[in-house]
Amino acid sequence: MPRYDPAVTEPKWQRAWEEAGVFTARRDPARPKYYVLEMFPYPSGRIHMGHVRNYTMGDVIARYKASCGFSVLHPMGWDAFGMPAENAAIERGGHPKDWTYGNIADMRAQMKPLGLSIDWSREFATCDPEYYGQQQAMFLDMLDKGLVYRKSAQVNWDPADMTVLANEQVIDGRGWRSGALVERRELTQWFFRISDYAGELLEALDRLEHWPEKVRLMQANWIGKSRGLQFAFSTLGAPEGFDRLEVYTTRPDTLLGASFAAISPDHPLARHLERHDPEVAAFVADCRRVGTSEEALEKAEKRGLDTGIRVRHPFDTAWELPVYIANFVLMDYGTGAIFGCPAHDQRDFEFATKYGLPIEPVFLPEGAAHGDGDRDEDGAAPLAEAFVPPKSERVEYVRGFAGERVQTGEAAVNAAIAFCEANGVGRGVTNYRLRDWGLSRQRYWGCPIPVVHCAACGVVPEKRENLPIRLPDDVSFDRPGNPLDRHPTWTRATCPACGAEARRETDTMDTFVDSSWYYARFTAPHAKTPTVPEEVDYWMNVDQYIGGIEHAILHLLYSRFFARAMHVTGHLPAKAIEPFDALFTQGMVTHEIYMTRDAAGRPVYHLPEEVEGGIIKATGEAVEIIPSAKMSKSKKNVVDPVNIIKAFGADTARWFVMSDSPPERDVEWTASGADAAFRFLGRVWRLADEIAASAAPDNAAEDAALIRATHRTIADVTAGIEGFAFNTSVAKLYAFANTLSKSQAGAAARREAMGVMAQLLSPMVPHLAEEIWSMLGGEGLVAQARWPEADPAMLVDERVTLPIQINGKRRAEITVPRDMDAAEVEKLVLADEDVVRFLAGKPVKKLIVVPGRIVNVVI
RNA sequence: GCGGGUGUGGCGGAAUUGGCAGACGCGCCGGACUCAAAAUCCGGUUCCGCAAGGAGUGUCGGUUCGAUCCCGACCACCCGCACCA
């Protein structure tokens, strides 16, 4: 008997699709379009199960939409710039370019056997000069429009390697390679003016209806709009030029609880003091030893240094507050200076406790101050922690100065701002947490920033006819630092303004720039301009974008900004300023970890294929099994898709990653699950084989039942795909296979049902679906067949079974006509013998009938 | 530290989003076929209990006729924190 053999059938159908050009995206104004995009991969050299899951999801959508009659665009490319290529060059020699293009070739070869419905003719890599040259052109356009500028910013500097470090390369304050203590350094760098769009990027989130709520929330919090008061303290004993200290606060209602002022170590006043006071210099230098990431700053122990300077409270000139330099005050946010109210801010509370500063409550929980009805009692027990209720909660102000005595924090803030403005103490200010996007990288393997530095003219944009400014190939990584910086000829340029010799900019762009517009480039990947109007008009926006939740903020926010910038510079139509209509964030692929210990007790990890039944096959040693974790090379809990495809075929891998777990959740790869997927596909194949050969006569009752089940399955599977619940589609297909194999229906009805099965399977396991389709004598390719439609009349049942609960516990059930009215149902329920038995004569207090659903009897 | 999320049988998960908790799959148990095994097919399988019955969706509390679903507190794990991609 012939068997299902994916090694033969999968390449066969891939060839058939290619020959028919099924996946070539065609701009067809007569048809609606559908653009499905998965976040493009970094070419690490190996695909992993996460890729398989991500691209299979996109493929299911792409194939489904195509069979629904859409003109589908489903492209693939490579996010090819970035540090790993340079690291490889440093560690193993060779050139980042060779490493990258080699990896791309390897990964493409690993990806193709998956049978994805990708239009490979649109493939590109962001390190192709044809791509980054267009990016440089857009950079110049953005420069013209004032969307890019230069300013000083801090970087992590490794003094041993003489290089800038990424945050992830700073481990416990030391450089990952050199182990040297990392310093913060200031460099002049390029920035995009994303903060100009903060308000708009925030407001537009409301219109992204098909984005996950959590992503919109995360972005909203990241943008961080706040309403507050900015005002100036007058200072005492401050150096000349610092007679005022501007602070920003989101809680001006707590002004009467102020007990100190604090400035950032990077505040101009701190900078000034640093130059004259060795103690300040030492403290500030110490603060700068912490990395530049917000996480590092927040986790560091809260410390401060009293500057000796005092400020006067704006409401009471006799009231003086000390000014500290504090390591937790961020220069980038607000004015880089704050006042501390320890009673109502946990961080201020810890700071005040540490430095013995007063902690005076401004408000108390509503009702907590009753009794004497006056001010709070003096000598009350000291607070154990700050009282920080939500701003929406009503509290009682004991040191209020504006608004009601009992009011919400929100109302109090507004009243305080109004009061302060009326009394000439500062002004209400709307602030955003979002900072401008620093795009400069002091690295080789990135898109060169197309400007030159001229002694006479300053920073001058390159001439457009000189684009692309290509990366030089003759570089080496045997010395520390950026090879561009020390390149003898590449750095030499001619000033486009005056013709004098100038120095080429050696900063390259953040790789987030590359990934902020690739979706638009896919619509015209080989054009001589960044985009082509007819193409972006037709294909944009991306109808469905799919990727990991780890990109919820940066990549997606930058892309939203970049699309706006591309609109301003004429590269995208207004409709595309929100480039992704719908977003789906998928979970990870996880696996158990197998561990033993060496003689010294250190963990030793083992690959899944080395282990069977909790035992290492080669040695018979038992392993410790650590539950499911994200696949990682260092823990060796990885499964190589290439091996899976070799052993079972692509359809099994695809079927597995679509099964079980909801797509947004993690899925655990298990060997038994892969076996099960393979077994099921074989079973479907045998079933099709048997049905194709069957000559069973019609059987009216069985045929009708099977037809109803078929329509039910069409509806369920379609709903699963539409709702991104592929795991439920899979479950329904399992159930349908069970139904179909047990059905006593005639050959014609079973053949019909099997044909539908092939179609419903086709988005997930396209090769097997084609094979079955052809076994049944289906016309053409199932990939080009029209998606089946469920007949609504087939989906409703005439009779329904209602569970009957007594006091919320299920005790009986009755089967009634679907539309029987509630009064009739009540009568039947009360007459039901199980109900009568349970009631045991007790009176019914309440009877709830939810039509078509449930009955609840309350006694 | 801050922001966001997740938690259901031995395991992955389902539940029309306030209406029968455990669909479907794995695993396990039993059976058929086989000299035997594999493969395949059929049946069973939340827990406690002989049963009647009781308990049960991370923990504790609340709202409701009714809570996996809504609210509050807590615990555990995961993601992000602006130079990883």
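For clarity, every value in this text was computed on a predicted model and none was experimentally measured.

*Asks:* Which residues make up the confidence of the model for chain A, and what are the values?
*Replies:* Taken as a whole, chain A shows an average pLDDT of 89; of its residues, 97% reach a score of 70 or greater. Contacts from residues 371–381, a stretch scored under 50 in pLDDT, to residues over four places away or in other chains number six contacts. As a predicted assembly, this complex carries a pTM of 0.92 together with an ipTM value of 0.92.

*Asks:* I'd like to hear about the sheet that holds strand S35 (residues 846–850), residue by residue, with values.
*Replies:* In space, the four strands of this open sheet follow the order S34-S33-S36-S35, with mixed pairing throughout. Both outer strands of the open sheet, strand S34 (809–817) and S35, are each paired with one neighbouring strand and no more. Pairwise comparison of adjacent strand axes, ignoring direction, gives a mean angle of 20° for this sheet. Judged from the five bridges that link them, S35 and strand S36 (residues 854–858) form a sheet pairing that is antiparallel. Pairing of Ile848 across the sheet is with Asn856, part of S36. Across the sheet, helix H24 (residues 822–831) is in contact with strand S33 (799–806), S34, S35 and S36; its angle to S35 comes to roughly 125°.

*Asks:* Outline the packing of aromatic side chains, supporting the account with residue identities and numerical values.
*Replies:* All told, the structure shown has 47 aromatic pairs when counted by the stated rule. Summarising the aromatic geometry, the rings of Phe192 and Phe561 are spaced 5.9 Å apart at their centres and angled 50° between planes, so their arrangement reads as tilted. Of this pair, Phe192 sits in strand S7 (residues 183–192) while Phe561 is found in helix H16 (residues 554–568), placing the two residues 369 residues apart along the sequence. For Phe561, a relative accessible area of 0% puts it in the buried group. Aromatic pair Tyr538 and Trp539: ring centres 4.7 Å apart, planes at 80°, arrangement edge-to-face. An aromatic cluster is defined as three or more aromatic residues linked by ring pairs; in this entry it consists of Phe40, Phe124, Tyr131, Trp517, Tyr518, Tyr519, Phe522, Tyr545 and Phe580. One residue, Arg193, lies across the ring of Tyr149, its end atom 4.0 Å from the ring centre.

*Asks:* Please give an account of the protein's contact with RNA strand B that cites residues and values.
*Replies:* The environment of RNA strand B is made up of 63 residues, and the closest members are Arg443, Arg679, Arg810, Arg853 and Asn856. For RNA strand B, the backbone makes up 62% of the atoms found within 4 Å of the protein, where backbone means sugar plus phosphate. The side chain of Asn221 places a nitrogen or oxygen atom 2.9 Å from a sugar or linking oxygen of RNA strand B. Residues belonging to the surface near RNA strand B are distributed by class as follows: 23 nonpolar, 17 polar and 23 charged.

Cut-offs and rules
- Residues numbered from 1 in each chain as written.
- Chains lettered and ligands numbered in written order.
- Predicted model: local features only at pLDDT ≥ 70, side-chain atom pairs only at ≥ 80, totals over all residues.
- Heavy atoms only, no water.
- pLDDT = per-residue confidence, 0-100.
- Contact = heavy atoms within 4.5 Å.
- Pairing = 2+ DSSP bridges.
- Helix = DSSP H or I, 4+ residues; strand = E, 2+ residues; numbered from the N terminus.
- Axes fitted to C-alpha atoms, helices over the stretch in contact; angles between N-to-C directions.
- Phe/Tyr/Trp six-rings, centres within 6.5 Å; stacked < 30°, edge-to-face > 60°.
- Buried < 20%, exposed > 50% of the residue type's maximum accessible area, 1.4 Å probe, protein only.
- Lys NZ or Arg CZ within 6 Å of the ring centre and 35° of its normal.
- Near = heavy atom within 4 Å.
- Polar contact = N/O pair within 3.5 Å; in protein donor to acceptor, adjacent residues only side chain to side chain.
- Nonpolar A, V, L, I, M, F, W, Y, C, P; charged D, E, K, R; others polar.

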